[in-house]
Amino acid sequence: MNQQIKKDAVKDYMVRATAAEGSVRAFAVTSVQMTEQARLYHHMSPVISAALGRLLAAGAMMGAMMKGSEDLLTLQIMSDGPAKGLVVTADASGHVKGYPKVADVDLPANAMGKLDVGTAVGGGILRVIRDMGLKEPYIGTTQLQTGEIAEDLTYYFASSEQTPSSVGLGVLVDTDCSIRQAGGFILQLMPQAGDEVIAQLEKNISGLRPVTDMLEQGLTPENLLEELLKGLHVEIIDRMPVAFACGCSKERVQRALAGISQKDLQSMVDDGEPIEIKCQFCNTAYSFDVEELKNMLK
Ligand SMILES: [Zn+2]
(Lines give C-alpha, C1' and ligand atoms only; values in the text may rest on other atoms or scores of the structure.)
Protein backbone atom coordinates (compact mmCIF):
# COMPACT_ATOMS: atom_id res chain seq x y z
CA MET A 1 0.00 0.00 0.00
CA ASN A 2 1.18 3.45 -0.79
CA GLN A 3 0.79 5.46 2.42
CA GLN A 4 1.17 8.80 0.70
CA ILE A 5 -1.74 8.24 -1.68
CA LYS A 6 -3.94 6.95 1.11
CA LYS A 7 -3.12 9.93 3.31
CA ASP A 8 -3.80 12.42 0.53
CA ALA A 9 -6.83 10.59 -0.83
CA VAL A 10 -9.29 13.48 -0.51
CA LYS A 11 -7.97 16.49 -2.37
CA ASP A 12 -9.50 19.86 -1.63
CA TYR A 13 -12.37 20.70 -3.94
CA MET A 14 -15.37 22.93 -4.24
CA VAL A 15 -18.84 22.30 -5.63
CA ARG A 16 -21.21 24.84 -7.06
CA ALA A 17 -24.93 24.18 -7.15
CA THR A 18 -28.33 25.74 -7.64
CA ALA A 19 -31.64 24.80 -6.10
CA ALA A 20 -35.33 25.67 -6.31
CA GLU A 21 -35.12 26.40 -10.03
CA GLY A 22 -32.21 28.81 -9.71
CA SER A 23 -33.62 30.85 -6.86
CA VAL A 24 -30.86 29.62 -4.54
CA ARG A 25 -27.18 29.42 -5.41
CA ALA A 26 -24.84 27.41 -3.29
CA PHE A 27 -21.17 26.60 -2.79
CA ALA A 28 -19.46 24.07 -0.54
CA VAL A 29 -15.81 23.25 -0.07
CA THR A 30 -13.49 20.85 1.68
CA SER A 31 -10.19 22.61 2.36
CA VAL A 32 -8.11 20.50 4.75
CA GLN A 33 -4.99 20.51 2.61
CA MET A 34 -4.91 24.26 1.88
CA THR A 35 -5.40 24.97 5.58
CA GLU A 36 -2.63 22.53 6.54
CA GLN A 37 -0.36 24.11 3.92
CA ALA A 38 -1.04 27.56 5.40
CA ARG A 39 -0.36 26.22 8.89
CA LEU A 40 3.03 24.83 7.80
CA TYR A 41 4.03 27.98 5.89
CA HIS A 42 3.13 30.34 8.72
CA HIS A 43 3.67 28.15 11.83
CA MET A 44 0.17 28.96 13.01
CA SER A 45 -1.21 28.19 16.46
CA PRO A 46 -4.51 26.24 16.57
CA VAL A 47 -6.74 29.30 17.00
CA ILE A 48 -5.02 31.10 14.11
CA SER A 49 -5.26 27.94 11.96
CA ALA A 50 -9.01 28.01 12.64
CA ALA A 51 -9.32 31.74 11.87
CA LEU A 52 -7.27 31.75 8.65
CA GLY A 53 -8.67 28.35 7.63
CA ARG A 54 -12.22 29.71 7.78
CA LEU A 55 -11.24 32.72 5.67
CA LEU A 56 -9.39 30.51 3.16
CA ALA A 57 -12.49 28.33 2.73
CA ALA A 58 -14.60 31.45 2.18
CA GLY A 59 -12.02 32.79 -0.28
CA ALA A 60 -12.13 29.61 -2.36
CA MET A 61 -15.93 29.87 -2.68
CA MET A 62 -16.11 33.65 -3.17
CA GLY A 63 -13.32 33.50 -5.76
CA ALA A 64 -15.50 31.10 -7.74
CA MET A 65 -18.31 33.70 -7.75
CA MET A 66 -16.17 35.82 -10.10
CA LYS A 67 -16.27 35.28 -13.84
CA GLY A 68 -12.98 36.28 -15.43
CA SER A 69 -9.76 34.26 -15.40
CA GLU A 70 -7.79 37.38 -14.38
CA ASP A 71 -10.22 38.48 -11.66
CA LEU A 72 -8.78 38.64 -8.16
CA LEU A 73 -10.62 38.59 -4.85
CA THR A 74 -9.02 39.88 -1.65
CA LEU A 75 -10.53 39.41 1.81
CA GLN A 76 -8.92 41.58 4.48
CA ILE A 77 -9.72 41.55 8.17
CA MET A 78 -8.23 44.39 10.19
CA SER A 79 -9.00 43.99 13.85
CA ASP A 80 -8.07 44.87 17.41
CA GLY A 81 -7.81 41.32 18.81
CA PRO A 82 -4.40 39.62 19.33
CA ALA A 83 -4.55 38.19 15.77
CA LYS A 84 -4.63 41.81 14.45
CA GLY A 85 -5.80 40.71 11.03
CA LEU A 86 -5.90 38.17 8.22
CA VAL A 87 -5.50 38.43 4.46
CA VAL A 88 -6.72 35.95 1.84
CA THR A 89 -6.68 36.26 -1.93
CA ALA A 90 -8.31 33.95 -4.46
CA ASP A 91 -8.92 33.76 -8.17
CA ALA A 92 -11.86 32.22 -10.01
CA SER A 93 -9.97 28.97 -10.69
CA GLY A 94 -9.48 27.68 -7.16
CA HIS A 95 -6.07 29.21 -6.40
CA VAL A 96 -6.16 30.56 -2.86
CA LYS A 97 -3.49 31.95 -0.52
CA GLY A 98 -3.43 33.84 2.73
CA TYR A 99 -1.54 34.87 5.83
CA PRO A 100 -2.27 35.95 9.39
CA LYS A 101 -0.82 39.19 10.79
CA VAL A 102 0.11 37.32 14.00
CA ALA A 103 0.55 33.55 13.69
CA ASP A 104 1.20 32.41 17.26
CA VAL A 105 -1.80 33.63 19.27
CA ASP A 106 -2.62 31.23 22.08
CA LEU A 107 -5.99 31.54 23.88
CA PRO A 108 -8.04 29.32 26.17
CA ALA A 109 -11.08 27.61 24.61
CA ASN A 110 -14.34 29.57 24.62
CA ALA A 111 -17.43 28.71 26.69
CA MET A 112 -18.42 25.99 24.19
CA GLY A 113 -14.99 24.38 24.46
CA LYS A 114 -14.10 25.53 20.92
CA LEU A 115 -11.11 27.45 19.59
CA ASP A 116 -11.90 31.08 20.41
CA VAL A 117 -11.63 32.66 16.96
CA GLY A 118 -13.94 35.54 17.95
CA THR A 119 -11.64 36.68 20.75
CA ALA A 120 -8.48 36.14 18.66
CA VAL A 121 -9.87 38.33 15.87
CA GLY A 122 -11.76 40.85 18.03
CA GLY A 123 -13.57 43.88 16.62
CA GLY A 124 -12.71 45.72 13.44
CA ILE A 125 -13.53 45.67 9.77
CA LEU A 126 -13.89 43.20 6.93
CA ARG A 127 -12.93 44.49 3.51
CA VAL A 128 -13.78 42.64 0.31
CA ILE A 129 -11.92 43.77 -2.80
CA ARG A 130 -12.85 42.44 -6.23
CA ASP A 131 -10.38 43.40 -8.92
CA MET A 132 -12.03 42.58 -12.23
CA GLY A 133 -9.63 44.42 -14.49
CA LEU A 134 -11.74 47.59 -14.50
CA LYS A 135 -10.33 51.01 -13.73
CA GLU A 136 -11.35 50.78 -10.09
CA PRO A 137 -11.70 47.59 -8.09
CA TYR A 138 -15.01 46.98 -6.34
CA ILE A 139 -14.49 47.48 -2.59
CA GLY A 140 -17.02 46.67 0.14
CA THR A 141 -16.27 47.33 3.80
CA THR A 142 -18.34 46.25 6.79
CA GLN A 143 -17.90 46.11 10.56
CA LEU A 144 -17.00 42.74 12.03
CA GLN A 145 -20.01 41.34 13.92
CA THR A 146 -18.48 38.57 16.04
CA GLY A 147 -14.98 38.01 14.62
CA GLU A 148 -16.03 34.37 14.05
CA ILE A 149 -15.79 35.08 10.28
CA ALA A 150 -18.87 33.17 9.01
CA GLU A 151 -21.23 35.66 10.74
CA ASP A 152 -19.08 38.53 9.54
CA LEU A 153 -19.39 37.36 5.93
CA THR A 154 -23.14 36.78 6.29
CA TYR A 155 -23.46 40.38 7.46
CA TYR A 156 -21.22 41.59 4.62
CA PHE A 157 -23.34 39.85 1.96
CA ALA A 158 -26.57 41.26 3.42
CA SER A 159 -25.43 44.83 4.00
CA SER A 160 -22.88 45.42 1.25
CA GLU A 161 -24.20 43.22 -1.57
CA GLN A 162 -27.89 43.13 -0.57
CA THR A 163 -27.81 39.34 -0.94
CA PRO A 164 -29.38 37.36 1.91
CA SER A 165 -26.92 34.54 2.60
CA SER A 166 -26.10 31.80 5.01
CA VAL A 167 -22.40 31.12 5.56
CA GLY A 168 -20.99 28.19 7.53
CA LEU A 169 -17.24 27.71 7.99
CA GLY A 170 -15.34 25.32 10.19
CA VAL A 171 -11.82 24.11 10.98
CA LEU A 172 -11.11 21.22 13.33
CA VAL A 173 -7.54 21.12 14.66
CA ASP A 174 -6.15 17.77 15.78
CA THR A 175 -4.30 17.16 19.06
CA ASP A 176 -0.94 17.37 17.21
CA CYS A 177 -2.03 20.81 15.84
CA SER A 178 -2.43 19.48 12.27
CA ILE A 179 -5.67 20.21 10.43
CA ARG A 180 -8.19 17.41 10.78
CA GLN A 181 -11.20 18.96 9.01
CA ALA A 182 -11.77 22.23 7.18
CA GLY A 183 -14.47 23.47 4.90
CA GLY A 184 -17.75 25.28 4.67
CA PHE A 185 -20.66 26.47 2.59
CA ILE A 186 -22.29 29.63 1.28
CA LEU A 187 -26.00 29.69 0.36
CA GLN A 188 -27.46 32.75 -1.34
CA LEU A 189 -31.04 33.71 -2.08
CA MET A 190 -31.62 35.16 -5.50
CA PRO A 191 -34.22 37.94 -5.83
CA GLN A 192 -36.83 35.57 -7.36
CA ALA A 193 -36.84 33.23 -4.31
CA GLY A 194 -40.39 32.78 -3.06
CA ASP A 195 -41.64 32.57 0.53
CA GLU A 196 -41.91 28.78 0.52
CA VAL A 197 -38.26 28.46 -0.61
CA ILE A 198 -37.18 30.83 2.16
CA ALA A 199 -39.23 28.91 4.73
CA GLN A 200 -37.74 25.56 3.66
CA LEU A 201 -34.19 26.96 3.79
CA GLU A 202 -34.76 28.43 7.23
CA LYS A 203 -36.06 25.07 8.41
CA ASN A 204 -33.00 23.26 6.96
CA ILE A 205 -30.55 25.72 8.49
CA SER A 206 -32.18 25.93 11.92
CA GLY A 207 -31.51 22.27 12.65
CA LEU A 208 -27.99 22.32 11.31
CA ARG A 209 -25.03 20.83 13.19
CA PRO A 210 -21.71 22.73 13.22
CA VAL A 211 -19.78 22.39 9.94
CA THR A 212 -16.87 20.60 11.64
CA ASP A 213 -19.30 17.97 13.04
CA MET A 214 -20.71 17.30 9.58
CA LEU A 215 -17.23 17.06 8.01
CA GLU A 216 -16.08 14.83 10.86
CA GLN A 217 -19.01 12.50 10.12
CA GLY A 218 -17.62 12.13 6.62
CA LEU A 219 -20.00 14.42 4.73
CA THR A 220 -18.58 15.55 1.39
CA PRO A 221 -19.29 19.04 -0.02
CA GLU A 222 -22.02 17.40 -2.16
CA ASN A 223 -23.58 15.81 0.97
CA LEU A 224 -23.43 19.16 2.78
CA LEU A 225 -25.42 20.83 0.02
CA GLU A 226 -27.91 17.94 -0.18
CA GLU A 227 -28.58 18.40 3.54
CA LEU A 228 -28.70 22.21 3.41
CA LEU A 229 -30.95 22.24 0.35
CA LYS A 230 -33.18 19.34 1.35
CA GLY A 231 -36.57 19.57 -0.35
CA LEU A 232 -35.34 22.17 -2.85
CA HIS A 233 -34.19 20.01 -5.79
CA VAL A 234 -30.47 20.69 -5.61
CA GLU A 235 -28.52 20.51 -8.88
CA ILE A 236 -24.74 20.27 -8.73
CA ILE A 237 -23.35 22.43 -11.55
CA ASP A 238 -19.64 21.78 -11.22
CA ARG A 239 -16.84 20.46 -9.11
CA MET A 240 -13.47 22.24 -9.08
CA PRO A 241 -10.16 21.42 -7.38
CA VAL A 242 -8.97 24.18 -5.01
CA ALA A 243 -5.51 24.58 -3.48
CA PHE A 244 -3.17 26.93 -1.67
CA ALA A 245 -1.15 28.41 -4.53
CA CYS A 246 1.36 31.25 -4.36
CA GLY A 247 2.67 32.64 -7.63
CA CYS A 248 5.68 34.41 -6.10
CA SER A 249 9.10 34.40 -7.75
CA LYS A 250 12.38 36.26 -7.41
CA GLU A 251 11.44 38.41 -10.42
CA ARG A 252 8.14 39.45 -8.81
CA VAL A 253 9.80 40.28 -5.51
CA GLN A 254 12.46 42.21 -7.40
CA ARG A 255 9.79 44.24 -9.19
CA ALA A 256 8.22 45.11 -5.83
CA LEU A 257 11.64 45.98 -4.43
CA ALA A 258 12.38 48.23 -7.40
CA GLY A 259 9.26 50.19 -6.40
CA ILE A 260 10.80 51.45 -3.15
CA SER A 261 12.54 54.83 -3.07
CA GLN A 262 15.97 55.25 -4.62
CA LYS A 263 17.13 56.60 -1.27
CA ASP A 264 16.16 53.40 0.54
CA LEU A 265 17.78 51.28 -2.19
CA GLN A 266 20.93 53.39 -1.97
CA SER A 267 21.09 52.90 1.78
CA MET A 268 20.79 49.11 1.31
CA VAL A 269 23.68 49.26 -1.19
CA ASP A 270 25.70 51.42 1.26
CA ASP A 271 25.14 48.86 4.02
CA GLY A 272 27.07 46.43 1.82
CA GLU A 273 25.08 43.42 3.04
CA PRO A 274 22.83 41.10 1.04
CA ILE A 275 19.17 41.44 1.97
CA GLU A 276 16.50 38.81 2.35
CA ILE A 277 12.84 39.38 1.57
CA LYS A 278 10.15 36.89 2.47
CA CYS A 279 6.91 36.41 0.55
CA GLN A 280 4.10 37.27 2.97
CA PHE A 281 1.86 34.54 1.60
CA CYS A 282 4.18 31.52 1.62
CA ASN A 283 7.23 32.67 3.61
CA THR A 284 9.64 31.76 0.79
CA ALA A 285 12.81 33.80 1.29
CA TYR A 286 14.44 35.59 -1.66
CA SER A 287 17.89 37.08 -1.21
CA PHE A 288 19.49 39.90 -3.18
CA ASP A 289 23.23 40.53 -3.06
CA VAL A 290 24.79 43.99 -3.22
CA GLU A 291 25.44 43.68 -6.98
CA GLU A 292 21.76 42.96 -7.63
CA LEU A 293 20.71 45.88 -5.44
CA LYS A 294 23.12 48.18 -7.31
CA ASN A 295 21.59 47.10 -10.63
CA MET A 296 18.17 48.17 -9.36
CA LEU A 297 19.45 51.72 -8.78
CA LYS A 298 18.68 53.87 -11.78
ZN1 LIG B 1 4.88 33.24 -2.11
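Residues numbered from 1 in each chain as written. Predicted model: local features only at pLDDT ≥ 70, side-chain atom pairs only at ≥ 80, totals over all residues. Heavy atoms only, no water.

As annotated in an unreviewed UniProt entry, the protein is 33 kDa chaperonin from Eubacterium plexicaudatum ASF492. On record in UniProt, under Sequence similarities (unreviewed entry), the comment for the protein is "Belongs to the HSP33 family." Turning to the protein, the UniProt annotation filed under Subcellular location (unreviewed entry) states: "Cytoplasm". (UniProt positions renumbered as here; feature names shortened; annotations may be inferred.)

Chemist: Could you give an account of the domain arrangement of the protein, naming the residues involved and the relevant values?
Modeler: By a widely used convention, the size of an interface equals the accessible area lost when the partners come together. Each domain of the protein was delimited in the assignment, giving domain 1 (13-244) and domain 2 (250-297). Each of domain 1 and domain 2 has a C-alpha centre, and these two points are 35 Å apart. Facing the 8 residues of domain 1 at the interface are 4 residues of domain 2. Carbon and sulfur atoms make up 61% of the area that domain 1 and domain 2 hide from each other, which totals about 580 Å². Taken together, the links from domain 1 to domain 2 amount to 0 salt bridges. Linking domain 1 with domain 2 are 3 residue pairs in polar contact (both at pLDDT 80 or more). Broken down by secondary-structure element, the contributors of at least two residues to the side of domain 1 that touches domain 2 are helix H2 (32-42), strand S4 (85-91) and strand S5 (95-100). The element contributing the most residues to the side of domain 1 that touches domain 2 is S5, with 3 residues. Here the residues of the side of domain 1 that touches domain 2 sort into 4 nonpolar, 3 polar and 1 charged. (Domains from an automatic or database assignment. Contact = heavy atoms within 4.5 Å. Buried area = accessible area lost by both parts, 1.4 Å probe. Salt bridge = Lys/Arg side-chain N within 4 Å of Asp/Glu carboxyl O. Polar contact = N/O pair within 3.5 Å; in protein donor to acceptor, adjacent residues only side chain to side chain. Helix = DSSP H or I, 4+ residues; strand = E, 2+ residues; numbered from the N terminus. Nonpolar A, V, L, I, M, F, W, Y, C, P; charged D, E, K, R; others polar.)

Chemist: If you had to explain the coordination of the zinc ion to someone new, which residues and values would you point to?
Modeler: The coordination sphere of the zinc ion contains the protein donors Cys246 (SG), Cys248 (SG), Cys279 (SG) and Cys282 (SG), at a distance range of 2.2 to 2.3 Å. Relative to the metal, the 4 donor atoms surrounding the zinc ion lie at angles of 100 to 117°, and the coordination shape comes out tetrahedral. When the donor residues of the zinc ion are listed from N- to C-terminus, their spacing reads C-x1-C-x30-C-x2-C. Residue Cys246 is classed as partly exposed on the basis of its relative accessible area, which comes to 24%. (Donors = N, O, S within 2.8 Å, 3.2 Å for Na, K, Ca; no water. Tetrahedral: all angles 85-135°; square planar, octahedral: opposite > 155°, others 65-115°. Buried < 20%, exposed > 50% of the residue type's maximum accessible area, 1.4 Å probe, protein only.)

Chemist: With reference to specific residues and values, describe the sheet that holds strand S11 (residues 243-244).
Modeler: The strand order across the open sheet formed by 6 strands is S7-S6-S3-S4-S5-S11, and the pairing between neighbours is mixed. Looking at which strands have only one partner, the edges of the open sheet turn out to be strand S7 (138-143) and S11. As defined by bridge partners, S4 adjoins S5 across 5 bridges and the pair is classed as antiparallel. The residue bridging Leu86 from the neighbouring strand is Pro100, located in S5. (Pairing = 2+ DSSP bridges.)

Chemist: Which residues make up a nonpolar patch on the surface, and what values go with them?
Modeler: A contiguous nonpolar patch, built from Met132, Leu134 and Tyr138 and spanning about 280 Å² of accessible area, is present on the exposed surface. Assignment of secondary structure puts Tyr138 in strand S7. Residue classification places Tyr138 among the partly exposed positions, given a relative accessible area of 31%. (Patch = residues over 30% accessible without salt bridge, like charges linked within 9 Å, V, L, I, M, F, W, Y side chains within 5 Å. Areas by Shrake-Rupley, 256 points an atom, 1.4 Å probe, with all protein chains shown as cover.)

Chemist: Summarise the layout of surface pockets; cite the residues concerned and give the values.
Modeler: Counted as a void, the largest pocket has a volume near 680 Å³. Taken together, 25 residues make up the lining of the largest pocket; nearest its centre are Arg54, Glu151, Leu169, Pro210 and Val211. Those elements that place two or more of their residues in the lining of the largest pocket are helix H5 (150-160), strand S8 (165-173) and helix H7 (211-216). No other element matches S8, which puts 9 residues into the lining of the largest pocket. Split by residue class, the lining of the largest pocket holds 13 nonpolar, 7 polar and 5 charged. (1 Å grid on protein atoms, 1.4 Å probe; cavity = no way out; pocket = protein on both sides within 12 Å on 5 of 7 lines; lining within 4 Å. Points joined across faces, edges and corners; volume = space filled by probe spheres on them.)

Chemist: Explain the environment of Thr119 residue by residue, including any values.
Modeler: Examined against the element boundaries, Thr119 turns out to sit in helix H4 (residues 117-121). Taking the C-alpha atoms as reference, Thr119 lies 23 Å from Tyr41; in sequence the two are 78 residues apart. Leaving out residues up to four positions away in the same chain, Thr119 has contacts with Gly81, Pro82 and Leu107.

Chemist: Give me the sheet that holds strand S1 (residues 13-19): which residues, what numbers.
Modeler: Across the sheet, which stays open at both edges, the 5 strands sit in the order S8-S9-S2-S1-S10 with antiparallel pairing between neighbours. Of all strands in the sheet, those with a lone pairing partner are S8 and strand S10 (235-241), marking the two edges. On average, each strand axis in the sheet is inclined to that of its neighbour by 10°, with strand direction left out of account. The sheet contact formed by S1 and S10 spans 6 bridges and is antiparallel. For Tyr13, the partnering residue across the bridge sits in S10 and is Pro241. (Axes fitted to C-alpha atoms, helices over the stretch in contact; angles between N-to-C directions.)

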